Amino acid sequence: MGHHHGHRHDHGHADTHQHDEAEPRGTASRRTLLAAAAGGMLFTAAAPGSARAAVTGTAAARGTAALAAGGAARASLITQGTTLVHADLHNHTAMSDGDGDPALAFASMRSAGLDVAALTDHSGVFTLGGLSSSEWKRTGTLADAAYVPGVFTAVRGFEWTHALLGHANVWFSDSYVDMSLAPGMNAFFGWLDDQDAVAGFNHPGREVLRFENFRHNSAAHERMVSLEMFNRTDDYLFEGWSSGMTSPLVACLNAGWRTGLTGVTDEHGTEWGHPEGKGRSGLWVTENTRAGVLEAMRARRFFATRVSGLRLDATAAGVRMGGRLPFTAGDVRFRVDLDRGPEWVGRPLDIQVLRPGTSAPEVADVITTTAGRITEFTVPLDTADGNWVVLRVSDPTRPNGSPGPTGHPSNDWGVAYSSPWWLQG
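Residues numbered from 1 in each chain as written. Predicted model: local features only at pLDDT ≥ 70, side-chain atom pairs only at ≥ 80, totals over all residues. Heavy atoms only, no water.

**Concerning the packing of helix H3 (residues 102–111) against helix H4 (residues 133–146)**
Line of reasoning, step 1. Packing of H3 against H4 leaves a shortest axis separation of 10 Å and a crossing angle of 35°. Crossing geometry of H3 relative to H4 is assigned as right-handed. Counted together, Pro-102, Ala-103 and Phe-106 of H3 and Arg-138, Leu-142, Ala-143 and Ala-146 of H4 form the full contact between these two elements.
Line of reasoning, step 2. Of the residues in the contact of H3 with H4, the class split is 6 nonpolar, no polar and 1 charged. (Axes fitted to C-alpha atoms, helices over the stretch in contact; angles between N-to-C directions. Helix = DSSP H or I, 4+ residues; strand = E, 2+ residues; numbered from the N terminus. Left-handed = near helix turned anticlockwise from the far one by under 90°. Contact = heavy atoms within 4.5 Å. Nonpolar A, V, L, I, M, F, W, Y, C, P; charged D, E, K, R; others polar.)

If you want it as structure tokens, here you go:
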């Protein structure tokens, strides 16, 4: 990275750690194996300590079923007080440019094993079949009918749609807005500032003006909570890079936004929730309710993946993903809980430590690990190199369909992204 300060790994739990060093790869300074086996806890962990976090009744049964089908248990091995829920927050129906009957969408997503689901049909005067006021009301009626607090959280949303600037999802608003009232980014952000909603940047970089190159707007700073890293089957880390554009992740976070990272199916067909390999999100909630989901989104306590049943939890200096690290420079100890149930135990994976770059993220380190373990490692971070850090989980045996610079460590297949941490000394 140019400001790399070497490593000091913490061996405070030497009885459970293995340590191995290998050759450098790409821009990574070294590859380190430093994993703590979860042992018997891996599949038998109880619900986290908070009573509110416990998933009860039907939800608990569905969690057990997901585990039996190849998914991971919902309790973190490294934090307490929250439970993992699987979410898809970006879906379309025949109320805009999708094919399916909206009355079937929520039931389809619940049957697919999702715990949280949103309908987000398009608004926008240039979008054929954009939402009408009656369809907006119908979306709310359908979401209310499907909502079972503690079991399945159905959310009404919409996709503000601009053919050149980009698309943005909005959740938990009482009304919707289109280009007739919000024709540009400032107008959209101004409208958003009057809501109790949260919003996110969709398929970032796909539209040519890229949200005015992610120009920051202080009024919307807290409300813009997400950036899609997986949309359908695509990894957006290097979107546009081959055409001379900056990585959307770098452009967004370097511009000053504090967005967590999501994966979505962006479903336009009739298989809501079911196709494997499309994006989805994992949220760490205190309860599976609309209030719990909204709180987790505001806290950026979620991750992006395109693998069903994945559990990813991570802390940096004891702070969970999406949080702030109260220092300007120093060695930071990361703990990562990464699991996808019995089928993935022992599967080789990499954890890439992404840091700010110019056109693509720098990679401060690549840690070799396997699924089904708690992985611990220490990386030096310095605000002189930028104020954010993201963990990217990847499969080193498969290529990235949209690669970046030659030799970049992230030219392999992305499995998941943690939400960022921000250094704030």
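The structure having been displayed, the exposition proceeds.
**Re the side chain of Ser-76**
Line of reasoning, step 1. Structurally, Ser-76 is set in the loop between helix H2 (57–68) and strand E4 (83–88).
Line of reasoning, step 2. Overall, Ser-76 belongs to the buried group, its relative accessible area being 9%.
Line of reasoning, step 3. At 3.1 Å, the side chain of Ser-76 forms a polar contact with the backbone nitrogen of Thr-79.
Line of reasoning, step 4. A distance of 2.6 Å separates polar atoms of two side chains, one belonging to Ser-76 and the other to Asp-313. (Buried < 20%, exposed > 50% of the residue type's maximum accessible area, 1.4 Å probe, protein only. Polar contact = N/O pair within 3.5 Å; in protein donor to acceptor, adjacent residues only side chain to side chain.)

**Describing unusual backbone geometry**
Line of reasoning, step 1. The phi dihedral of Phe-172 falls on the positive side, at around 70°, and the residue is not glycine.
Line of reasoning, step 2. Summarising the element assignment, Phe-172 is placed in the loop between strand E7 (166–171) and helix H5 (185–193).
Line of reasoning, step 3. Classification of Phe-172 by relative accessible area gives buried; the value is 19%.
Line of reasoning, step 4. The residue Arg-300 is not glycine, and still its phi comes out positive at about 55°.
Line of reasoning, step 5. Mapped onto the elements of the fold, Arg-300 is located in the loop between helix H8 (290–298) and strand E13 (302–305).
Line of reasoning, step 6. With a relative accessible area of 0%, Arg-300 lands in the buried category.

**Description of H4**
Line of reasoning, step 1. The first and last C-alpha atoms of H4 sit 20 Å apart over 14 residues, in line with the 20 Å expected at 1.5 Å per residue.
Line of reasoning, step 2. Elements in contact with the buried residues of H4: H3, strand E5 (116–123), strand E6 (153–162) and H8. (Expected span 1.5 Å × (residues − 1).)

**Regarding the pattern of salt bridges**
Line of reasoning, step 1. For the structure on display, the rule yields 20 salt bridges.
Line of reasoning, step 2. Close ionic contact of Glu-222 with Arg-324 constitutes a salt bridge, the shortest N to O distance being 3.9 Å. In this pair, Glu-222 sits in the loop between helix H6 (210–214) and strand E9 (224–231) while Arg-324 sits in strand E16 (residues 324–325), placing the two residues 102 residues apart along the sequence.
Line of reasoning, step 3. With a closest N to O distance of 3.4 Å, Lys-278 and Glu-267 form a salt bridge. Note that Lys-278 is positioned in the loop between strand E11 (260–264) and strand E12 (280–285) and Glu-267 in the loop between E11 and E12, a separation of 11 residues in sequence.
Line of reasoning, step 4. Given the relative accessible area of 5%, Glu-267 is considered buried. (Salt bridge = Lys/Arg side-chain N within 4 Å of Asp/Glu carboxyl O.)

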